[in-house]
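# Structural overview for review
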Amino acid sequence: GVLSRTRGAAMNLFVYGTLMNSDLVQALTGRAFPAEDAVLKDFRKVECSGRYPFIEPEVGAEVSGRLLRGLDSQALARLDRYEAEGELYLRRPVS
């Protein structure tokens, strides 16, 4: 799952699972994007046996991940397909 911040036409994307792997992101999108370690405050990561991990709001909690910068709509659509956006997770804006 991922959460995003919009910046003009490009989008920044917070990732906390398999998309932290830059080689995988490049294989899926055909491009490399600037990325940096990031922490999403007031969310917690939930890991349940037999399910994919997900995050949910929790005041005072933090989730470590990576922030991918400058994704265009085509790259975002490819990552959404990989992550099954709308089925396995819902992408939503955060600030």
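Model, not experiment: these values are computed from the prediction.

### What about the overall build of the protein chain?
Scanning the protein chain from N- to C-terminus turns up 2 helices and 5 strands. Along the protein chain, from the amino end to the carboxyl end, the secondary structure elements read β-β-α-β-β-α-β. With 95 residues in all, the protein chain has 35% of them scored as buried. For the protein chain, the share of sequence-separated contacts (at least 6 apart) that also reach a separation of at least 24 residues comes to 62%. Roughly 6,000 Å² of accessible area belongs to the protein chain as shown, and the carbon and sulfur atoms make up 48% of that amount.

### Description of the nonpolar core
Generally speaking, a soluble globular protein has its nonpolar side chains buried in company with each other. Counting residues in hydrophobic clusters, the biggest one holds 11 residues: Met-11, Leu-13, Val-15, Leu-19, Val-25, Phe-33, Leu-68, Leu-71, Ala-75, Leu-76 and Leu-79. At the level of secondary structure, the elements contributing two or more residues to this core comprise strand 2 (10–15), strand 4 (54–71) and helix 2 (73–83). Those residues in contact with Val-25 that sit more than four places away from it in its chain are Leu-19, Gly-30, Arg-31, Phe-33 and Leu-68. Of all hydrophobic cores here, the second largest spans 9 residues; its members include Tyr-16, Ala-38, Phe-43 and Leu-67.

### Observations regarding the pattern of salt bridges
Scanning the entire structure with this criterion turns up 7 salt bridges. Arg-31 is paired through a salt bridge with Asp-72; the nearest N and O atoms lie 2.6 Å apart. Of this pair, Arg-31 sits in the loop between helix 1 (22–29) and strand 3 (35–46) while Asp-72 sits in the loop between strand 4 and helix 2; the two residues are 41 residues apart in sequence, bridging distant segments of the chain. With relative accessibility at 36%, the residue Arg-31 sits in the partly exposed group.

### Remarks on the packing of helix 1 against helix 2
At a minimum axis separation of 9 Å, helix 1 and helix 2 run at an interaxial angle of 110°. By the angle between their directions, the pair helix 1 and helix 2 is classed as roughly perpendicular. Across from Leu-24, Leu-28 and Thr-29 in helix 1, the residues of helix 2 making contact are Ala-75, Arg-78, Leu-79 and Tyr-82. Split by residue class, the contact of helix 1 with helix 2 holds 5 nonpolar, 1 polar and 1 charged.

### Some details on the confidence of the model for the protein chain
Low pLDDT marks stretches whose predicted atomic positions should not be read closely. Per-residue pLDDT for the protein chain averages 86, and the proportion of residues at 70 or more is 89%. Per-element confidence in the protein chain is highest for helix 1, whose mean pLDDT is 96, and lowest for strand 1 (residues 2–7), whose mean pLDDT is 53.

Basis of the calculations
- Residues numbered from 1 in each chain as written.
- Predicted model: local features only at pLDDT ≥ 70, side-chain atom pairs only at ≥ 80, totals over all residues.
- Heavy atoms only, no water.
- Helix = DSSP H or I, 4+ residues; strand = E, 2+ residues; numbered from the N terminus.
- Buried < 20%, exposed > 50% of the residue type's maximum accessible area, 1.4 Å probe, protein only.
- Contact = heavy atoms within 4.5 Å.
- Areas by Shrake-Rupley, 256 points an atom, 1.4 Å probe, with all protein chains shown as cover.
- Core = buried A, V, L, I, M, F, W, Y, C linked by side-chain atoms within 4.5 Å.
- Salt bridge = Lys/Arg side-chain N within 4 Å of Asp/Glu carboxyl O.
- Axes fitted to C-alpha atoms, helices over the stretch in contact; angles between N-to-C directions.
- Parallel < 35°, antiparallel > 145°, perpendicular 65-115°, else oblique.
- Nonpolar A, V, L, I, M, F, W, Y, C, P; charged D, E, K, R; others polar.
- pLDDT = per-residue confidence, 0-100.

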